[in-house]
Every structure is written in C-alpha cells, then in structure tokens.
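Reading the structure
Residues per chain are reported as follows:
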Amino acid sequence: MHDISQTRQSDEKTASILRNKLNAAADKVIRLDQEMSLYRKEERKASKHLEGLRDNDAEAADIEEAETNWFNAGQMLPSAQSRLATAANELRSLIKRAVEYLPSDDDAMQRAVKASNAVDL
C-alpha cells in the first residue's frame, strides 16, 4: 500500500510540474505568435508604403529609405518564424508527455493545445 501512495504522490508531483511547464510553454508560444503577427504587419505596412511611393513617382531618396525600411521589416520574419516553430514544437512535445498525467479537460492541457493549434507557420 505504501508503494501505491508513493506512486500517486509522484504522479501528482509530475502532473503539477507538467502543468507549470505547459503554461510556460503556452505563454511563450502565444507571445512569439503575437510577435510574428506584429512583424508581418510591419512588413506589409512598409511594403504598401513603398508601393505607394513608387506609384506616385516619389523622390529617389524617399523610395530608397522606404526600401530600406521594408527590407529591415522583412529581415525580422525568418528569425521570428524560427523561434516560433521551435517553441511550438517544444509545446507539442510537452503535450505528448503530459497526456500520460493530465486529463484532456485539464485547464493547462486545454490552453496548451489551443496555443499549439493557433500557431500559423
């Protein structure tokens, strides 16, 4: 009987640790996904501004500055996408481990699955 009690305590401790890890990983994925959305928005904004300048035959210096801004905005996307993909994969790996210890209706599990599914790579 003592072994069963120890096993139950160990499982509860593991579940608690997994809950904390799932919440932290979900927070990270959500934050990085928001960051990625911001970078995409900035890149689109810079692209539209550049297009508008070109359409209106703006001064070369203005077009060059807009090209630089558009280029810089686009430079952020690959690294942000890579960080998001890594975080999403880590979250999915945690979810697979947590399935053994947490029920599907656990708040941390549901939040993690929702965050994982919401990622747009």
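What you are looking at is a predicted structure, and each value in this text was computed from that prediction instead of being measured. (Residues numbered from 1 in each chain as written. Predicted model: local features only at pLDDT ≥ 70, side-chain atom pairs only at ≥ 80, totals over all residues. Heavy atoms only, no water.)

What follows concerns the overall build of the protein. For the protein, the helix and strand inventory stands at 3 helices and 0 strands. Going from the N terminus to the C terminus, the protein shows its helices and strands as α-α-α. Whereas a compact globule of 121 residues would reach a radius of gyration of roughly 14 Å, the protein reaches 22 Å, over 25% beyond that. The principal-axis extents of the C-alpha atoms in the protein amount to approximately 85 × 20 × 15 Å. The proportion of buried residues among the 121 residues of the protein is 28%. Contacts spanning at least 24 positions in sequence make up 78% of the contacts within the protein whose residues lie at least 6 apart. (Helix = DSSP H or I, 4+ residues; strand = E, 2+ residues; numbered from the N terminus. Rg over C-alpha atoms; globule rule 2.2 N^0.38 Å. Buried < 20%, exposed > 50% of the residue type's maximum accessible area, 1.4 Å probe, protein only. Contact = heavy atoms within 4.5 Å.)

Here the focus is helix H2 (residues 60-98). Counted at 1.5 Å a residue, the expected span for H2 with its 39 residues is 57 Å, and the 57 Å between its end C-alpha atoms agrees. Among all positions of H2, only Ile63, Ala66, Ala73, Leu77, Ala80, Leu84, Ala87, Ala88, Leu91, Leu94, Ile95 and Ala98 are buried. (Expected span 1.5 Å × (residues − 1).)

Here the focus is the environment of Trp70. Within the secondary structure, Trp70 sits in helix H2. Apart from residues no more than four positions distant in its own chain, Trp70 is found in contact with Glu43, Ala46, Ser47 and Leu50.

What follows is about the packing of H2 against helix H3 (residues 107-118). Viewed as axis vectors pointing N to C, H2 and H3 meet at an angle of 145°, and their least axial separation amounts to 10 Å. Viewed along their axes, H2 and H3 form a crossing whose handedness is left-handed. Contacts between H2 and H3 involve Leu91, Arg92, Ile95 and Ala98 from the first element and Met109, Ala112, Val113, Ala115 and Ser116 from the second. Its residues assigned to classes, the contact of H2 with H3 comprises 7 nonpolar, 1 polar and 1 charged. (Axes fitted to C-alpha atoms, helices over the stretch in contact; angles between N-to-C directions. Left-handed = near helix turned anticlockwise from the far one by under 90°. Nonpolar A, V, L, I, M, F, W, Y, C, P; charged D, E, K, R; others polar.)

Let us look at the side chain of Glu43. As for its placement among the helices and strands, Glu43 is situated in helix H1 (residues 2-55). Buried and unpaired, Glu43 has Arg44 as its nearest opposite-charge partner, separated by 6.2 Å. Setting aside chain neighbours within four positions, we find Glu43 in contact with Trp70, Ala73, Gly74 and Leu77. (Lys, Arg positive; Asp, Glu negative; His and termini not counted. Salt bridge = Lys/Arg side-chain N within 4 Å of Asp/Glu carboxyl O.)

With that settled, consider the nonpolar core. As a rule of thumb, soluble globular proteins bury nonpolar side chains together. One finds Leu22, Val29, Leu91 and Leu102 to be the most contacted residues of the largest nonpolar core, which totals 24 residues. Contributions of two or more residues to this core are made by H1, H2 and H3. Among residues more than four places away in sequence, those in contact with Leu22 are Leu91, Leu94, Ile95, Ala98, Leu102, Ala108, Met109 and Ala112. (Core = buried A, V, L, I, M, F, W, Y, C linked by side-chain atoms within 4.5 Å.)

Another point: the pattern of salt bridges. One pass over the full model with this rule turns up 4 salt bridges. A salt bridge links Arg54 to Glu67; the nearest nitrogen and oxygen atoms lie 2.6 Å apart. With Arg54 in helix H1 and Glu67 in helix H2, the pair connects residues that are 13 residues apart, well separated along the chain. Among the residues examined, Glu67 registers a relative accessible area of 32% and is labelled partly exposed.

What follows deals with the environment of Met76. Topologically, Met76 is positioned in helix H2. Once the C-alpha coordinates of Met76 and Arg40 are considered, the two residues, 36 residues apart in sequence, prove to be 8.9 Å apart.

A positive phi angle, near 50°, is found at Asp57, a position not held by glycine. Looking at the secondary structure, you find Asp57 in the loop between H1 and H2.

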